[in-house]
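Examination of the molecular architecture
For reference, the chains in residue letters:
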Amino acid sequence: MNFLHKSLITLALIGASSLMAKPTIAILATGGTIAGAGTSEIKSSYSAGAVTVDKLLAAVPAINELATIKGEQISSIGSQEMNNKVWLKLAKRVNELLAKPEIDGIVITHGTDTMEETAYFLDLTVKSKKPVVLVGAMRSGTSMSADGPMNLFNAVNVVINKDTTGKGVVVVMNDEIHSAREVTKVNTSSVNAFASPNAGKIGTVYYGNVQFLMQPTRKHTVATEFDISKLEDLPRVDVLFAHPEDTDALVKAAVANGAKGIIHAGMGNGNPFPLTQDALAEAVKKGVIVARSSRVPTGSTTLEGEVDDKKFGFIAVDSLNAQKARVLLMLGLTKTHDKAALQKMFLEY
Ligand code: SIN
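Residues numbered from 1 in each chain as written. Predicted model: local features only at pLDDT ≥ 70, side-chain atom pairs only at ≥ 80, totals over all residues. Heavy atoms only, no water.

**Some points on the layout of surface pockets**
Selection criterion: Only protein atoms enter the 1 Å grid, on which a cavity is a set of points fitting a 1.4 Å probe that cannot get out and a pocket is an open set with protein on both sides within 12 Å along at least 5 of 7 lines, lining residues being those with an atom within 4 Å of a point. Grid points are joined across faces, edges and corners, and a volume is the space filled by probe spheres set on the points. Here a helix means four or more residues in a row that DSSP labels H or I, a strand means two or more in a row labelled E, and each is numbered from the N terminus.
Considered as a void within the structure, the largest pocket measures approximately 540 Å³ in volume. Lining the largest pocket are 32 residues, and of these S294, V296, N321, A322 and Q323 sit closest to its centre. Mapped onto the lining of the largest pocket, the elements with two or more residues apiece are β7 (184-185), β11 (237-241), β13 (289-294) and α10 (322-332). Looking at the lining of the largest pocket, the element that brings in the most residues is α10, giving four residues.

Here's what the structure looks like:
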């Protein structure tokens, strides 16, 4: 065999082995019911985040055949305890890991209560096209018919699927794939707890078989202007929920407590009660950004409907729900306090 033949065979072997090489995936655990444990398989009570990442991964050995898995514990909290510190720690770690050539994607295990907000926060702050998947469970690991193991198996299949690249951060729950911007928790207890009410799911994953149906259209990840790499905290933004006979007291309290922004989840197309509207207008005069959102689960909150936004200095959140509008306004306020620039962000992201 001459030198040329030997070199060609060597190159072919290197090529074949790299084709067969398993992807390397980091699984970052934050807590939640997926890491929860109770004392009875037929009772709903449990402690969220009680199970470590190693135990969580050991419960789904099939994922080791799909990828080389590197587990890491970011936090051990129920996601109702989620806060700016953990969000920033998580986003910085995701960016650090995805910058490494040997990491192909990230799965984040998370409680379901605020999974939509964490997913959207990462969608706006991750600076990589590599896939990032959030996954949780509605039943703890000790429950009868726990949904966590299948959800995690499906999440790993989604993260290693080549079609997931470029779709921004996604959420995998109950055999469905949702885009971070659109997904929301719609049921307090069912395993079918997530939906994207304005846009629909973007794909399905059934026993690991991934099928995408749609492409998210809003700017995300590498296309956003947000940079959290040097941030230690985020501006305070509060959400206020409107109702008949509403008050001005909560707006005043939010401002006194240092809110830099208020998301007002108004009635219908984001309409405040008159007394509350006056207090919101006063807050704007004090430099607080007031963004009108809606307590209605679908549709957009639009400018210049029944409310004179120009007169009061309000902006409108378009089709984001109030909790996600809060995430975008917090990040927006790290860049600017200009109302026109912030309004543009709500139409772009
Ligand atoms: C949580 O969000 O941590 C508790 C609920 C859940 O994970 O389903």
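**What to know about the site of the ligand**
Just so we agree on the cut-off: Residue proximity to a molecule or strand is established when one non-hydrogen atom of the residue lies within 4 Å of it. We call two N or O atoms a polar contact when they sit within 3.5 Å, provided that within protein one can donate a hydrogen and the other can accept it, with sequence-adjacent residues counted only if both atoms are side-chain atoms. Each accessible area value is a Shrake-Rupley result obtained with a 1.4 Å probe; residue values ignore everything except the protein chains displayed when judging cover. For this classification, the nonpolar set comprises Ala, Val, Leu, Ile, Met, Phe, Trp, Tyr, Cys and Pro, the charged set comprises Asp, Glu, Lys and Arg, and every other residue, Gly included, is treated as polar.
Near the ligand you find G32, T33, Y46, G78, S79, Q80, G111, T112, D113 and A137, and these make up its full shell. In this structure, T112 approaches the ligand through a side-chain N or O atom, which is 2.4 Å from an oxygen atom. Contacts to the ligand include A137, whose backbone N or O atom sits 3.2 Å from an oxygen atom. Its free accessible area being 250 Å², the ligand has 94% of it covered by the protein chains. Split by residue class, the shell around the ligand holds two nonpolar, seven polar and one charged.

**What about the packing of helix α5 (residues 115-125) against α10?**
Threshold: As a rule, the C-alpha atoms of each element are fitted with a line to give its axis, helices using only the stretch in contact, and angles between N-to-C directions run from 0 to 180 degrees. By convention the crossing between two helices is left-handed if the near helix lies anticlockwise of the far one by an angle smaller than a right angle, and right-handed if it lies clockwise. Only heavy atoms matter for contacts: two residues are in contact if any of them lie within 4.5 Å across the pair.
In contact at an axis separation of 9 Å, α5 and α10 are set at 35° when each is read in the N-to-C sense. Pair α5 / α10 crosses with right-handed handedness. Residues E116, E117, Y120, F121, L124 and T125 of α5 pack against Q323, K324, V327, L328 and L331 of α10. Taken together, the residues of the contact of α5 with α10 break down into six nonpolar, two polar and three charged.

**A closer look at the packing of aromatic side chains**
Put simply, the rule reads: Two rings from Phe, Tyr or Trp (for Trp, the six-membered ring) form a pair when their centres are within 6.5 Å of each other. A pair whose planes differ by under 30 degrees is stacked, one over 60 is edge-to-face, and the rest are tilted. Each residue is placed in one exposure class: buried if its accessible area under a 1.4 Å probe, protein chains only, is under 20% of its type's maximum, exposed if it is over 50%, and partly exposed if it falls in between. For a lysine, the NZ atom is tested; for an arginine, the CZ atom; a charge sits over a ring if that atom is within 6 Å of the ring centre and within 35 degrees of the ring normal.
This model, assessed by the stated rule, comprises four aromatic pairs. Aromatic pair Y206 and Y207: ring centres 5.0 Å apart, planes at 85°, arrangement edge-to-face. The same class applies to Y206 and to Y207, which are both exposed. Between F226 and Y349, the ring centres sit 5.2 Å apart and the planes meet at 50°, which makes this aromatic pair tilted. Of the two residues, F226 sits in the loop between β10 (209-212) and β11 while Y349 sits in the segment after α11 (339-348), which places them 123 residues apart along the sequence. For the pair F226 and Y349, one class covers both residues: buried. Above the plane of the ring of F212 lies K167, whose end atom (NZ or CZ) is 4.5 Å from the centre.

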